[in-house]
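So the chains spell out like this:
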Amino acid sequence: MLLIKEIKKIVKSISYLIFVAAIVIGLYSQDVFHFNEQLLQEPQPGGRYGFKHEEIPEIIMPAALSDLWAEFSANNYRTYPIGFIKYIKLNESKNRKMAEILSEITGNKVEVILQEGKAAFDNPDNVTFEIGGDTMQQDSNGGFIINSDSKPQDNVGRIMLKVRGDMDYSRFKELMGLADSLLGGGSNYASDSLTRYGSVPLTYEEAKERYNLAINSDQVTGGYARLFSDYAGVMVMPILPVFLAVILCMKDQRSKMEALIYTKKISAGKLVLIRYLALVIAAMAPVVILSYLSNIMVWASYSGIKLDYFAPLKYDFGWLLPSVMISIAIGMALTELTGIPIAVAVQGLWWMFDVNLGIKTVSSGYSLFRLAPRHNAGAGSWFRTQDYLENFQNLVQNRLLFVGISLLLVMFTILIYKEKREGKFSGNVSFKKAVSNIRNCKN
């Protein structure tokens, strides 16, 4: 059977052994084989149960203000414009605009804001602004007072930094949006990031509800399978399979197998589909095995609780398979189109930007075009099962979209094969010549 032959050819290659080793090393580095150290604990009355984020203006406004003031006084702002962390220092003009934003929020004059901020920036040894701790106290009106401690010889006194009592939350969000724009975007002050400042403790009842969901809906193993899929989906499966596809296609070209393949009686469609299926099976086999090794290590810790023993398999095929499919489809299509391993660069760049653009949504990232959906919240928050259930439809749409794109790319590859067989396509020769010319120019 041709499918079996293709699978054997793949798994017996040195490149496949390296592929499997890379998966094991990548997942081992994320502690997916130590989930037995993250066991669910039933909440007990009187304990601490973690936190949740809610859009509560009374909490968000002073917390966001305190962060903005800390970064303003140091003139050092942390942003993620394209996912990568970037520290921003504002020039004098933009610094004044930021002071105007702080002035409107707090009611302090712009010059006072600038003076205090400059004192903290120019003389860090003489003036220390601390955000939080003993120097940040909530007054009777719900605002925050930040004390500026200085040496006796300084004339800098105390600055009362709190949100104005008449500040409307919608206006506050607009001002924070302006601050984000000044920084070039990607800061914690963007409107879609402000909710992170609304951190409130979970109650016992809420913690108990989360625990019950993890036990009843996830049947425990679902939460661990989801966490494994998060790590595998972001670390290895969207990027490594493209190497297998490219190596297989390039190997045929180097060994002059193309002429033989193109003249076979088997149809182009059948040949491409068999090769694609063989690559997908070979790529998925190790991750399925590893997902069970990861999950099985916690089974003994939950004796007496009903477990879902098929949970790893469900998440492997529902969560990880579409990423593997798109990676291999891109590898085959671009390699057959160009005749060069450009697919590695294309998929690598996509993977890199997807991971870094989603760095602020690690806890819950299910947008439609995410290559690697994220749901990284382990046992410490009882798997956040409710968040997953609320985003399940988004995840389904995302995964189905990638399956659809993968199949379209496979059809495109079939067309290339067919055109090559009929001698109507030699685009790969043109690409190779172009690359060769670029190399010659560099030389």
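Keep in mind it's a predicted model, so treat the numbers as computed, not measured.

## Here we look at the side chain of Arg399
One can find Arg399 in helix α15 (residues 392–421). One buried charged residue, Arg399, remains without a salt bridge, the closest side chain of opposite sign being Asp354 at 7.7 Å. For Arg399, the side chain forms a polar contact with the main-chain oxygen of Trp319, separated by 2.7 Å. Side-chain polar atoms of Arg399 contact the side chain of Ser323, separated by 2.8 Å. When near neighbours in sequence (up to four residues on either side) are disregarded, Arg399 contacts Gly318, Trp319, Pro322, Ser323, Arg370, Leu371 and Pro373.

## Some thoughts on the side chain of Glu6
Along the chain, Glu6 falls in helix α1 (residues 2–11). Judged by its relative accessible area of 8%, Glu6 falls in the buried class. Apart from the residues lying within four places of it in its own chain, the contact partners of Glu6 are Leu248, Ile274, Arg275 and Ala278.

## Section: the environment of His53
Along the chain, His53 turns up in strand β1 (residues 51–53). Expressed as a C-alpha distance, the spacing of His53 and Thr195, which sit 142 residues apart in the sequence, is 6.2 Å. In contact with His53, not counting residues within four places along its chain, are Thr195, Arg196, Gly198 and Ser199. In this structure the side chain of His53 is engaged in a polar contact, spanning 3.2 Å, whose partner is the backbone oxygen of Arg196.

## Concerning helix α7 (residues 204–216)
Between the first and last C-alpha of α7 there are 18 Å, a value that for 13 residues agrees with the 18 Å anticipated at 1.5 Å per step. For α7, the full list of buried residues reads Ala207, Tyr211, Ala214 and Ile215. Each buried residue of α7 sits inside an arc of 95° when the element is viewed along its axis, so together they form one side. In α7, the exposed positions that point more than 90 degrees away from the buried face belong to Glu205, Glu209 and Asn216. Packing partners of the buried residues in α7 comprise α14 (385–390).

## A few points about the confidence of the model for the protein
Residues with a pLDDT of 70 or more make up 80% of the protein, whose mean pLDDT is 83. Below a pLDDT of 50 lies the segment residues 124–158, which in the model reaches 65 contacts outside its immediate sequence neighbourhood of four places, other chains included.

## Side note on the nonpolar core
Counting 73 residues, the largest nonpolar core has Phe228 and Ile328 as the members making the most contacts within it. Of all the elements in the fold, those that place two or more residues in this core are α1, α2 (14–28), α7, α8 (221–235), α9 (240–254), α11 (268–296), α12 (311–338) and α15. Here this core gets 14 residues from one element, more than from any other, and that element is α11. What Phe228 contacts, discounting residues up to four positions off in sequence, is Leu27, Val32, Phe35, Val287, Leu290, Ser291, Ser294, Asp316 and Leu320. Within the second largest apolar cluster, 31 residues are counted, among which are Trp69, Ile101, Phe172 and Met176.

## Considerations on a nonpolar patch on the surface
Residues Ile289, Leu293, Ile296 and Met297 make up a contiguous nonpolar surface patch of about 360 Å² in total accessible area. Tracing the sequence through the fold places Ile289 in helix α11.

## Quick look at the pattern of salt bridges
Scanning the model with the defined rule gives 15 salt bridges in all. Of the charged contacts, one joins Lys173 and Glu55 as a salt bridge, the two residues approaching to 3.3 Å between their closest N and O atoms. Here Lys173 is found in helix α6 (residues 169–182), whereas its partner Glu55 is found in the loop between β1 and α3 (57–74), with 118 residues between them in sequence. By relative accessible area, Lys173 is classed as partly exposed at 26%. For Arg171, the salt bridge goes to Glu104, with nearest N and O atoms at 2.8 Å.

Criteria and cut-off values
- Residues numbered from 1 in each chain as written.
- Predicted model: local features only at pLDDT ≥ 70, side-chain atom pairs only at ≥ 80, totals over all residues.
- Heavy atoms only, no water.
- Helix = DSSP H or I, 4+ residues; strand = E, 2+ residues; numbered from the N terminus.
- Buried < 20%, exposed > 50% of the residue type's maximum accessible area, 1.4 Å probe, protein only.
- Lys, Arg positive; Asp, Glu negative; His and termini not counted.
- Salt bridge = Lys/Arg side-chain N within 4 Å of Asp/Glu carboxyl O.
- Polar contact = N/O pair within 3.5 Å; in protein donor to acceptor, adjacent residues only side chain to side chain.
- Contact = heavy atoms within 4.5 Å.
- Expected span 1.5 Å × (residues − 1).
- Arc of directions from axis to C-beta.
- pLDDT = per-residue confidence, 0-100.
- Core = buried A, V, L, I, M, F, W, Y, C linked by side-chain atoms within 4.5 Å.
- Patch = residues over 30% accessible without salt bridge, like charges linked within 9 Å, V, L, I, M, F, W, Y side chains within 5 Å.
- Areas by Shrake-Rupley, 256 points an atom, 1.4 Å probe, with all protein chains shown as cover.

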